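Listed below are the residues making up each chain.
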Amino acid sequence: MTQPPAQHARRTPLSGWRRGAKALAIALTVAIVAAVAVGGFYAWSLSQRLQEAAVPLADAPEQPPALSEYAEPFTVLVVGTDECDDQVREAFGARCTDPENDGTRNDVNMLVHVSADPRRVTVVSFPRDLELPIPECTAPDGTVFEGSFKAPINSAYAAGGLTCVAETVSQLSGQSIPFAAKVSFGNVVNITDAIGGVEVCIGGDGIDDPDAGIDWEPGPRVVTGYDALAFLRTRKGIGDGSDLARIGNQQQYLSRLVNKLRSDEVLSNPGTLIGLANTAVNNITPSESLADPIRIAQLAYTLKDVPFDDITFVQFPVVDDPDDPNRVVPDEASAAILWDALERNAPLALTGEAGANGGVIADPSAPAPTEPAPAETTPAPDATDTPAAPEVVELPSNVSGSKADQATCSAGNG
């Protein structure tokens, strides 16, 4: 299948809507996890919808769902596809009517890693223009894809569906992936409206992006409906106008969405919880291991008390592809440090920018950090009784990202 030109460099997209809208799956992804985290059992009656299109995974756990917190560390792969849902078909125009835009691509790929004892959450975003090997895959219809030595990560879904994307990411990361879910971007409008919108921060000179339909002044802004869609798909209006810059902007949205979903504003409203759970289940194609509301609740409840400074959003480290300046390839040395830290459940320290390619800046209105109070002196525990806590791992500077307690703003270039 012929791939469209990459967008991590400054190139004019074939379709503004197509190039940005798949970012919507990111918001829907977080909403799915968070909605069930605060109201998972409201989705009980919707279990049949989850099971109808579930797909198998090689690393699916053997233990059945239970009414208790999932004790082990786990990963969830969330894949966002660029399908033309009925809700967005008219708005996307040529993207959904041009015969050259055939095929479904996994343009959003996020691996959510949840550690145990103590819980830490790390969300790793893989750029859609990442070139890597894709293993042999079997599609749901039985078609066998023979594999590719080097192909864009966003071609894996077309090759073999959600299972193929999971196998591709597992091969790249070395991580077992027992759970996965696929979402399209069509219902992000419903998700955002269901919680009353998300307040984002527009920084720099504001965002002026005609392709996204945005001309916004700097300052805080509550985005709802198609404004949320436009914010997530903007590319030319932030940083250097690249797809890599857009990831940082999307992570700002994710962080603020997580904060809101964990706030009392949502937790205390049963009607909101029911609506979120219903919308989530209606917009997820899960792995068989995730096709049970008890399992979803079991996993989600492990996230509800994780401190915000232990929720980290990072972009998978890359370098320019020597064969194509408009694409990227893995930075294996930097990635090894990240994966090793996750394996050891080490606290992460970000040393790079909050977002690659100038996509975001620090929120100037955020409260200044305060120095922690000096710890009281206590006798050191017996080393034979308590294992030493892992040291904080400073991630390489090209692992850009932010913490859930770190307020950022869009770096508007308007």
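Procedures and definitions
Residues numbered from 1 in each chain as written. Predicted model: local features only at pLDDT ≥ 70, side-chain atom pairs only at ≥ 80, totals over all residues. Heavy atoms only, no water. UniProt positions renumbered as here; feature names shortened; annotations may be inferred. pLDDT = per-residue confidence, 0-100. Contact = heavy atoms within 4.5 Å. Disulfide = S-S within 2.5 Å. Helix = DSSP H or I, 4+ residues; strand = E, 2+ residues; numbered from the N terminus. Buried < 20%, exposed > 50% of the residue type's maximum accessible area, 1.4 Å probe, protein only. Pairing = 2+ DSSP bridges. Axes fitted to C-alpha atoms, helices over the stretch in contact; angles between N-to-C directions.

- Naming follows an unreviewed UniProt entry, where the protein appears as LCP family protein of Microbacterium mcarthurae.
- A UniProt comment under Sequence similarities (unreviewed entry) is attached to the protein, and it reads "Belongs to the LytR/CpsA/Psr (LCP) family."

## Structural notes on the confidence of the model for the protein
Item 1. When the pLDDT values of the protein are averaged, the result is 78; 71% of them are 70 or greater.
Item 2. Predicted confidence is poor over residues 1–28, with pLDDT under 50, and the contacts of this stretch with residues over four places away or in other chains come to 106 contacts.
Item 3. Note that pLDDT drops below 50 for residues 31–44; the model gives that stretch 38 contacts with residues more than four away or on any other chain.

## Topic: the state of the cysteines
Item 1. Counted by the stated rule, this structure contains 2 disulfides.
Item 2. Note that cysteine 137 is cross-linked by a disulfide to cysteine 164, the S-S spacing being 2.1 Å. Between cysteine 137 and cysteine 164 the disulfide shows an S-S torsion of about 65 degrees. By sign, it is right-handed. Taken together, the residues cysteine 137 in strand S5 (residues 137–138) and cysteine 164 in helix H6 (residues 156–173) connect sequence positions 27 residues apart. With respect to burial, cysteine 137 and cysteine 164 carry one shared label: buried.
Item 3. Note on cysteine connectivity: cysteine 201 is disulfide-linked to cysteine 409, with sulfurs 1.9 Å apart. Measuring the twist about the S-S bond at about 80 degrees, one finds the cysteine 201-cysteine 409 disulfide to be right-handed. Remark: cysteine 409 occurs in strand S21 (residues 408–412) and cysteine 201 occurs in strand S9 (residues 198–204); sequence separation between them is 208 residues. Across this residue pair, the class does not change: cysteine 201 and cysteine 409 are buried.

## Here's the deal with the sheet that holds S9
Item 1. A sheet is described by the order of its strands in space; here 4 strands give the open sequence S12-S9-S21-S18, paired in mixed fashion. Edge positions in the open sheet fall to strand S12 (219–223) and strand S18 (360–362), since each of these has one partner strand only. Shown here is a sheet whose adjacent strand axes are inclined to one another by a mean of 45 degrees, direction ignored.
Item 2. Packed on one face of the sheet, helix H9 (residues 243–261) meets S9, S12, S18 and S21 and runs near 145 degrees to S9.

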